Structures are given as structure tokens and as C-alpha cells.
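# Analysis of the macromolecular model
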Amino acid sequence: MLLKIFFPQCCNRADSGLLVGRWLSGYDAAVVLAVIHYPFIPGQVKQYLQQLQAQSGGGLLVLGSWSLPKEGQEGIECFLRDLSTIFPQERWLQINREMGKTGFNCKVIHRDQSKILIHTQWASAGWEEKVIFIHYEQRKVMLSQLHPVEVPDTGTDPPSELRQVRDSTVGGSQPLFFLDRYDDGPLKSTHWQSEGREASIIVELLKQASVPLCLLISWLLSVWTCICNIRIFKLYPLHFLSTKLSTCDQLSYRTEHMRTLIHLSKLFPASLQASVCRKANILVSLLVDVALGMLLISWLYRDEHICMLANALVPVADHVAKELDQLLQWLMGAPAGLKMNRALDQVLGRFFLYHIHLWISYIHLMSPFIEGILWYGGLSAGLGLTFALSLLSDMVALLTFHIYCFYVYGARLYCLMIYGLSSLWRLFRGKKWNVLRQRVDSCSYDLDQLFIGTLLFTILLFLLPTVALYYLVFTLLRLVVVLFQGILRLSVDIVNSFPLFAVGLRVFQPYRLAEGVKFRVLCEEPGTALHLLMEINPLKCSTVVQTYRIPTYSCYPKDSWAALVKKLFIGELIYPWRHKTTKTD
Amino acid sequence: MEGEAFTDINGNAISLDCQNHSGSCREFTVSSPKMSIGKVIVYTCCVWLLAYAVFFVTENTAVLSGAILITLVGMMLHIHFVKVDHESLLVIGSLGIQVSSNFASGRETTTFIEMSKIKDIVINEAIYMHQIIYYLCVLLKDPTEPTAVSCVVPLFQSSKPRLNCLVKVYKSCQEILSKC
């Protein structure tokens, strides 16, 4: 087996001293974490390591010695060799670097049970083949997170080598990195240095401030939950309404997000970073949402834009009503040269015309209040752009209620005729639908039954084109509204679920979200060991979005297009709000 | 160190470059031929002539600028996502195998497979369109069943070298894998 030594890049130019690190169980590999410099008192080093082990519980050991000879330190070589007797280990690494050479030299000294030193100094031609130096950047490995986060728990296999390297760097070695290069202690060491305490003061202050903020939000949330749980909201009309309005949906999602945000994670530390990332995603999406909402507000309440909108709304509704009126008149004549059943055509047309009349009077009744409604509704953008958009979607739904009504009437009538025709078609063939067995059975009909059935079939068949035409026209109108609402919902959904923080992390600090590692061959000096550079392989952008998207309704399985067309064909109702049966959201 | 001339399955010349970093670390690079200027000119001319024909009928100058934009964007997308300049295989004894492909624009995609997951490297046969081709692939171990193969990772997917080139790579890979 080859011996692999994972060596931090920051220790490349460290002064001579002791190598502190771990051996990886199951693999012939050592991870060097820090270098403790000369001069030191061996007893103190031992005590320090024991302290660290008590704190972290990991197997931190003195792996060997490191020497980078400078002027006036020629004799240090044999001193470092003698150190192996002070720190008894099974294997003692002796790494030295010569000035002017890029490569390292390494000797491995084995010691067996009977405490006799066996120096295995390989011949200079042979031994460099047996050791691989893998340089890694400690900071990046510390901060990175390997994906997928869930470790497959096989039980028998040892965990993967790279995961072990990362875990040994991060888990349980944190206390080691507390010792600063500039501290005045008995021991001096070189390792990854965190980026200064000064910058982190702001972070600490924020952390301190977040505690009362979390308490406040949790209190508000509990009050909100109490309000939501009042029995009056469970009564039939209100409950029904609240499940249909997208503003209520949005409200419940935001409540859920807030709950996740303040929820203290009691998970095991492996998924801590993932949960932090999830929370940050939610927070950033919330902030972006509110910022966009503020922009909208600043536009709406400047220069009387609201007033203009409200004044434009009633003429638009009037115009739509007039167009619909014309459409109905056209349908009541001979649309596109088709000859319809005159009586039914007139009945349907008058029915719908009366509906439009009702609708227009309703709008005119409302018109004094529309500006007020818009003014107060616009304030909801303060909660976020998504709220304003959901409110807009709801308003559109209310303002186009007549189109919805037309659609429902047309669809019901059409549905009835299709069902009637299909059952009468079965009668034609001497069959009938057996309800108990849920299948088509053969059946012998009387002559009277057959006569009536045929008569009804003929009537339905000849009335079908008229009804189908009305159904077609109003379905198309309905689809336009559904499409608009679907677009609104899609944009709300994008703002709600897009993991902006994770994508930003991927762009600015690609090493944070690691898919794996990649290696590069560093130097090829004949006579030295192989040197590899281990770099973090960042996650793909699409994978980042997939992994970290905030779950909302669009993650659920949706109706396929074929199912939608089938529904339209047999006249079943389609809704924009029922999430699993919609068209565009 | 040595660049030998091989051909891929379509008969285009490719070059294999083996680098011995040390006894247990070897790198193989298969370079595909560069994009030929003739091809680029033909495609561009096709798009532009088509656009000019449309322009002749509609007399709308937006068609011409659209055609120029389409060719530029198409070329960029092609060199960034489709055209692979060279693919390399880095075999490091007792550590793992790294597969990387460099696109013509400089983008690099890399995957590293740890040695503990690798079962073997083999040359496989596959039916590709109307012909049977050989390809080199890494067999991955199934973590639950040690004898079973869970996944096959094909190597040199875009350059598709012929068997004589694959055998050369295969032999030196096996040399390293058998050592550790």
C-alpha cells in the first residue's frame, strides 16, 4: 500500500516542529492538521494534546516531525529524529524540506510492539514511490460541505476516504485552531487562521440581536396561530374561502417559513450547515421579497398611480362587458355561418346576457369603493411583492367572476349532454353500465325503452353543437384568465422558492458547496515523492437550485397536459387554485 | 511525452498523450481535432443565406440582425457546452481515478472516483447507431453487495477512440491498479 499524507498548504513554509494530526482508520493515510514549532517542552505538548482530546474526543496525535532548515539550524535533524522516542507512536513520519527545492522528503519509522526501533530507510531510488503528498487548502476544506449531505449508512463499510479527511479536519479539530499564531502561550503552532476577530464582532452583535428578535417573532407567530385557530374561521363559508384565495395560501407559506426560520435546530451537526443554508435561503428570499414590495409601494403611492389605476378599472370592465355582449349577439345569430338550434341558442344567449347585465351593475355599485380597496390592498406589498401579486391574482379572480360563471354553466351543460349521449350510445348497442360491478354489461331492452332512448339520443345529438359552441367560447375565455393567474402564481412561486443564498454562495465562494474533489499533479522533481494538489470540485448550478429550493406547492406532482385536454373534452371543471389539477402553475 | 496518432470510430485523427508522473500516477489525455474553419464557414453561410432569403421576401432588417445574433450565440453555446477539446484520465494508485473533460471554451468538468468504490476498469462493447463500438469504462462497486456492479462509468465519451488506443490505456491502467 502507498502511504498518503494530506498536508495543509499553510504549513508549507512553517518553521520546524512537530506534526499534529490523525491517522485515517481503514486507509493508509495521515491527515496533518497543524505544526507545533520548536522550541517546546514535550510534557506541555502532551498535556495540550490531552486537553484537546478531552474537548473534542478525536484521536489527535503527534504524527511526526517537520523540518525546514534555515541558517544556523543544521543540527536540528538528529534532534527531530530523537523526538520519536519521546512521543511513542507506531509509525513516525519524518518530513523535511530543503531550501531551494519544492519537493518534500519523507521517512517513515516503524516501531513494533517490543519497543525496538526499526528504521526503514528505503533506498533513495525506491522510497519516494511509496509516499504521496496531497496538499489541501485547510480553509476551503474546513468550510466546504460535501454533497449529497446524507451519508449512506451501510454499517459494514468504512466511510469514504474524502469524507473522513473532511470530517477529521472539521469535526473535533476546532479547539486546535483556537491557538493563534500571535498568542503568547508556551506553544506556537501554524495552521489555518480564521479571518480575524474584528470582522466577526458584527457577526457576534447580530447573533446577540437575533435572540430577542427570534423571541419577538415567535411570540407574534403564536398570537397569529391563536387568531387562525379561532373557531369562526373553521365555519363553512370562511374556511372554504380561505382555501381558495391565494393570499391566504401565501400567508400560510410565509408563516411556515418564519416558523422554520426561528426554529432552533436540534439536529445532529452534520446537517447543521444544510439547515443554516436553508434558513439563510428563506431569509434572503424574504428580504428580496420585501425589498421588491417596497419598490412597488414607492411606485404605486407616487404621482397618484393608484387613482389612475382605479379610474381605469371601471371603463375596462365596461369594455369587457361590451365585448362579451357583442360576442353573445354574434353567437345568437349564425356564428361563422353555422346553423344553430334557434330556440336553445336564444335561451342560452339571453341567460348569459342577463348575467352580464347583473355583473355590470355589480361593478358600478362597487366603483366608489375600488380606489379605497386598491389603496389598502397596495399596502400589503409592504409584506412582500408576493403578497401584492397574490392579492392581484385574487382580485382578477373576483373581477372575472362572470367569466367563471359562464364557463361553469357551459361546462355543466356540456358535461350533462356528453354523459347522456354516452349512456344512450350504450343503450343503442344493447348494453348498460352496471354500477355495482363498475363495468359495462349487456342488457336486453324493451321496444319502448329503445324508442325513447333513440328519441332522446337524437335530440341530444342535434342540440350538442349549440352547447358545444358556447362551451368552447367560454372555455377559451376562462383559459385566458387561468393563464394570467398561472403566470402570477409562477412568479410568486419563483420568488418564494428560489434559493438565492445558495446560488450566491456557489458564485462567490464555490468551495462552500462541494460535489467532491479534484486533483492536480503539482511538481515532478525526479527523486522526490509525488505531490498532488487537492481542490474542491464545486456543485453544478442546476444541482444547487434543485437541492436548496425552498419547498412550496409547485414541488408537488401536477396534472399532465394530456389529462388537462381530456378534462376539457369531457367538460370537467378546471381550477387555477386547486394545486394538483391546474394548468399553468 | 509521446503523442501518437490514433483514430476515433468515425475515422478522424485523435492523439493520445500518456504522462508518467510517477510509478503510481499516470495521466492519459485524448485530444480531439480542433474545430475546422470550413465547417464554421459552411454553417454560418447557411444561416445567413437563409436569413437573406427571408429578408428578400419580408424586407424586414430585423431578420438579418437576428441571424447574426443566432450565429454568434450558437457558436458560443457550441464551444461552451458541446465541443470537447480534450478528455483526460488521471489514475492515481490507491487514491482513485479522475475523469475530466475540457471544453473548447475552457470549461472543465471533473469527476473523481475513489479507489474504494472502484471494482475494475474494463473494455466493453456497445451497439451505437448501426455499429458495434468498444469503450473503456469504470465499474463501481455496489456498497451493499461486494460482488455486484452498481454503476458503469464510461470514459472518453465524446472522443470515442478505437480499440487499439483503448487497449493501450487499459494496459497501463491495469498496471497501476494491480500494484495496490
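Residues numbered from 1 in each chain as written. Chains lettered and ligands numbered in written order. Predicted model: local features only at pLDDT ≥ 70, side-chain atom pairs only at ≥ 80, totals over all residues. Heavy atoms only, no water.

## Thoughts on the overall build of chain A
From N to C terminus, chain A includes 16 helices and 14 strands. Looking at chain A as a whole, 42% of its 585 residues qualify as buried. Contacts in chain A between residues far apart in sequence, at least 24 positions, make up 72% of those at least 6 positions apart. Counting only carbon and sulfur atoms, one obtains 66% of the accessible surface of chain A, whose full area is about 32,600 Å². (Helix = DSSP H or I, 4+ residues; strand = E, 2+ residues; numbered from the N terminus. Buried < 20%, exposed > 50% of the residue type's maximum accessible area, 1.4 Å probe, protein only. Contact = heavy atoms within 4.5 Å. Areas by Shrake-Rupley, 256 points an atom, 1.4 Å probe, with all protein chains shown as cover.)

## Quick word on the overall build of chain B
Per the secondary structure count, chain B includes three helices and nine strands. The order of α-helices and β-strands along chain B, N terminus first, is β-β-β-α-α-β-β-β-β-β-β-α. Against the compact-globule benchmark of 16 Å for 180 residues, chain B has a radius of gyration of 21 Å, which places it well outside the compact range. Summarising its shape, the C-alpha atoms of chain B cover approximately 70 × 40 × 30 Å along the three principal directions. (Rg over C-alpha atoms; globule rule 2.2 N^0.38 Å.)

## A short note on the environment of Ile133(B)
Residues and elements named next belong to chain B. Locating isoleucine 133 in the fold gives a position in strand β8 (residues 131-141). Residue class for isoleucine 133 comes out buried when judged on its relative accessible area of 9%. As for isoleucine 133 and lysine 160, which are separated by 27 residues in sequence, their C-alpha atoms are 8.6 Å apart. The contacts of isoleucine 133, once residues within four sequence positions are left out, are Ile9, Asn124, Glu125, Ala126, Tyr128 and Lys160.

## Comments concerning the UniProt feature "transmembrane region" (unreviewed entry) in chain A
Residues and elements named next belong to chain A. UniProt tags residues 209-230, 282-301, 347-366, 373-400, 406-428, 449-473 and 479-503 as "transmembrane region" (unreviewed entry). Each end of residues 347-366 is marked by a C-alpha atom, and these two atoms are 29 Å apart; helix forms 100% of the span and strand 0%. Counted over residues 449-473, helix gives 100% and strand 0%. Its end C-alpha atoms are 35 Å apart. (UniProt positions renumbered as here; feature names shortened; annotations may be inferred.)

## Things to note about the packing of helix α9 (residues 305-332) of chain A against helix α13 (residues 447-497) of chain A
Residue and element names in this part refer to chain A. Here α9 crosses α13 at 160°, and the two axes come no closer than 11 Å. With respect to α13, the axis of α9 lies roughly antiparallel. For the pair α9 and α13, the crossing hand works out as right-handed. Residue-level inspection shows Leu324, Leu327, Leu328, Leu331 and Met332 of α9 in contact with α13, the latter providing Leu469, Tyr470, Val473, Phe474 and Leu477. Looking at the contact of α9 with α13, its residues break down into 10 nonpolar, no polar and no charged. (Axes fitted to C-alpha atoms, helices over the stretch in contact; angles between N-to-C directions. Parallel < 35°, antiparallel > 145°, perpendicular 65-115°, else oblique. Left-handed = near helix turned anticlockwise from the far one by under 90°. Nonpolar A, V, L, I, M, F, W, Y, C, P; charged D, E, K, R; others polar.)

## With respect to the interface of chain A and chain B
Contacts between the two partners involve 19 residues from chain A and, on the opposite side, 18 residues from chain B. Counting every contact that joins chain A to chain B gives three residue pairs in polar contact (both at pLDDT 80 or more). Where the side of chain A that touches chain B is concerned, the elements lending two or more residues are β8 (131-136), α4 (161-170), β13 (513-521) and β14 (530-538) of chain A. Here the side of chain A that touches chain B is built from residues that sort into 10 nonpolar, three polar and six charged. (Polar contact = N/O pair within 3.5 Å; in protein donor to acceptor, adjacent residues only side chain to side chain.)

## Quick word on the UniProt feature "transmembrane region" (unreviewed entry) in chain B
Residue and element names in this part refer to chain B. According to UniProt, the positions carrying the feature "transmembrane region" (unreviewed entry) are residues 40-57 and 63-82. Taken as a whole, residues 40-57 contains 100% helix and 0% strand, while its terminal C-alpha atoms sit 26 Å from one another. The distance separating the terminal C-alpha atoms of residues 63-82 is 26 Å; by composition the span is 100% helix and 0% strand.

## Topic: the packing of helix α7 (residues 246-262) of chain A against α13(A)
Residue and element names in this part refer to chain A. The N-to-C vectors of α7 and α13 enclose an angle of 5°; their axes lie 12 Å apart at closest approach. The orientation of α7 relative to α13 falls into the category roughly parallel. Seen from α7, the contacting residues are Ser246, Asp249, Gln250, Arg254 and His257; seen from α13, they are Arg489, Val492 and Asn496. Its residues assigned to classes, the contact of α7 with α13 comprises one nonpolar, four polar and three charged.

## Some details on unusual backbone geometry
In the Ramachandran plot, Gln438(A) falls in the positive-phi region, its phi being about 55° despite a non-glycine side chain. Among the structural elements, Gln438(A) can be located in the loop between β11 (431-434) and β12 (439-442). Positive phi values are uncommon outside glycine, yet Met129(B) reaches one of about 55°. Position of Met129(B) among the secondary structure elements: in the loop between β7 (118-128) and β8.

## Describing the sheet that holds strand β9 (residues 149-154) of chain B
Residues and elements named next belong to chain B. Strand order across the open sheet formed by three strands is β7-β8-β9, with antiparallel pairing between neighbours. At either end of the open sheet lies a strand with only one pairing partner, and these are β7 and β9. Pairwise comparison of adjacent strand axes, ignoring direction, gives a mean angle of 35° for this sheet. Two elements, β7 and β8, share 10 bridges in a ladder whose sense is antiparallel. The residue of β8 that forms the bridge with alanine 126 is isoleucine 133. Against the sheet, helix α3 (residues 163-179) engages β7 and β8, with an angle of about 170° to β7. (Pairing = 2+ DSSP bridges.)

## Quick look at the environment of Arg439(A)
All names here are of chain A. When you line up the elements, arginine 439 lands in strand β12. Accessibility expressed as a relative area gives 38% for arginine 439, which makes it partly exposed. It is 81 Å that separates the C-alpha atoms of arginine 439 and tyrosine 48, two residues lying 391 residues apart in sequence. When near neighbours in sequence (up to four residues on either side) are disregarded, arginine 439 contacts Lys432, Trp433 and Asn434.

## Quick notes on the nonpolar core
With 42 residues, the main nonpolar core has Leu18(A), Val45(A), Phe519(A), Leu532(A) and Met534(A) as its most contacted residues. Taken together, the elements giving at least two residues each to this core come down to β2 (17-24), β3 (29-37), α1 (42-56), β8, β13 and β14 of chain A together with β4 (84-92) of chain B. Beyond its immediate chain neighbours, meaning those up to four positions away, Phe519(A) contacts Ile134(A), Leu532(A), Leu533(A), Met534(A), Leu90(B), Ile92(B), Leu95(B), Gln98(B) and Phe112(B). (Core = buried A, V, L, I, M, F, W, Y, C linked by side-chain atoms within 4.5 Å.)

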